[in-house]
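# Examination of the molecular architecture
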Amino acid sequence: SQQGEEDPQALSIQEGENATMNCSYKTSINNLQWYRQNSGRGLVHLILIRSNEREKHSGRLRVTLDTSKKSSSLLITASRAADTASYFCATVPISSGSARQLTFGSGTQLTVLP
Amino acid sequence: ETGVTQSPTHLIKTRGQQVTLRCSSQSGHNTVSWYQQALGQGPQFIFQYYREEENGRGNFPPRFSGLQFPNYSSELNVNALELDDSALYLCASSLAVGTVSGANVLTFGAGSRLTVL
């Protein structure tokens, strides 16, 4: 079953605009990560935020985490056509034990129009 | 430093057959995880291997099995294939289990797309 749900399912914006994606999850977590996937290929790790952090930045990416609401958001600023991809949030539930397996959401398909 | 490589990239099987998918970990990684991704869905955790033993399993039946070798490469075997097994199978390596940070950031391969007819 999916731990998280991304919102919106699909997002279409113009190049240069900002894109915001949201993720909600169900159980207590160790950390939350965002991954990107191009055209059904392998996923690429973008950024990790730990449960005791509230905001993190990496280049044009900004991630927030609200553990009281069990939600996170990913902001991509000044988007480019090359940012077109599916974006997934993934959580490491506290209950995952030593495996610390990631539980992925259903993804947001972002399309950036040139 | 090489990334995660998977083979084959595409394959077609018929119901009831068996399949083996292979994965080579990123250099320096000690843990391998396998995920199944159905079309339009997020990846679903199948299992994880650490020190050649299964170290966590998702909600998949026993006909999904795996191996990890001393060089940390891995295989995923699926017996008695069903139509619903059609998916992209993703291997991911990490250096997580046994480390202090334990963040489990995954490095994914490009996947093996399995079609079951």
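This text follows the structure it describes.
The structure contained in this document is the topic of the report that follows. Bear in mind that the values here come from a model prediction, so they are computed numbers and not experimental data.

## Observations regarding the interface of chain B and chain A
- Counting residues at the interface gives 27 residues for chain B and 23 residues for chain A.
- Both faces considered, chain B and chain A share a buried interface measuring about 1,900 Å² in area, 47% of it formed by carbon and sulfur atoms.
- Our enumeration of links across chain B and chain A arrives at zero salt bridges.
- The interface formed by chain B and chain A holds four residue pairs in polar contact (both at pLDDT 80 or more) in total.
- Those elements that place two or more of their residues in the side of chain B that touches chain A are β4 (31–37), β5 (44–50), β6 (53–57) and β9 (87–94) of chain B.
- By residue number, the principal contributor to the side of chain B that touches chain A is β5 of chain B, which donates three residues.

## Some points on the pattern of salt bridges
- According to the stated counting rule, one finds eight salt bridges over all chains in the structure shown.
- In this structure, R60 of chain A and D83 of chain A form a salt bridge, with 2.9 Å as the shortest nitrogen-oxygen distance. Within this pair, whereas R60 of chain A is found in the loop between β6 (55–58) and β7 (61–66), its partner D83 of chain A is found in the loop between β8 (71–76) and β9 (85–93), the two being separated by 23 residues in sequence.
- Between E54 of chain B and R57 of chain B there is a salt bridge, with the nearest N and O atoms lying 3.0 Å from each other.

## Overview of the pairing of strand β11 (residues 112–116) of chain B
Residues and elements named next belong to chain B.
- Taking every second residue as pointing to the same face, the buried face of β11 carries S112, L114 and V116, while none of R113 and T115 on the other face is buried.
- Bridge count between strand β2 (residues 10–13) and β11: four bridges; the pairing is parallel. Its bridge partner lying in β11, I12 is registered against T115.
- Relative to β11, β9 is paired through three bridges, and the arrangement is antiparallel.

Cut-offs and rules
- Residues numbered from 1 in each chain as written.
- Chains lettered and ligands numbered in written order.
- Predicted model: local features only at pLDDT ≥ 70, side-chain atom pairs only at ≥ 80, totals over all residues.
- Heavy atoms only, no water.
- Contact = heavy atoms within 4.5 Å.
- Buried area = accessible area lost by both parts, 1.4 Å probe.
- Salt bridge = Lys/Arg side-chain N within 4 Å of Asp/Glu carboxyl O.
- Polar contact = N/O pair within 3.5 Å; in protein donor to acceptor, adjacent residues only side chain to side chain.
- Helix = DSSP H or I, 4+ residues; strand = E, 2+ residues; numbered from the N terminus.
- Buried < 20%, exposed > 50% of the residue type's maximum accessible area, 1.4 Å probe, protein only.
- Pairing = 2+ DSSP bridges.

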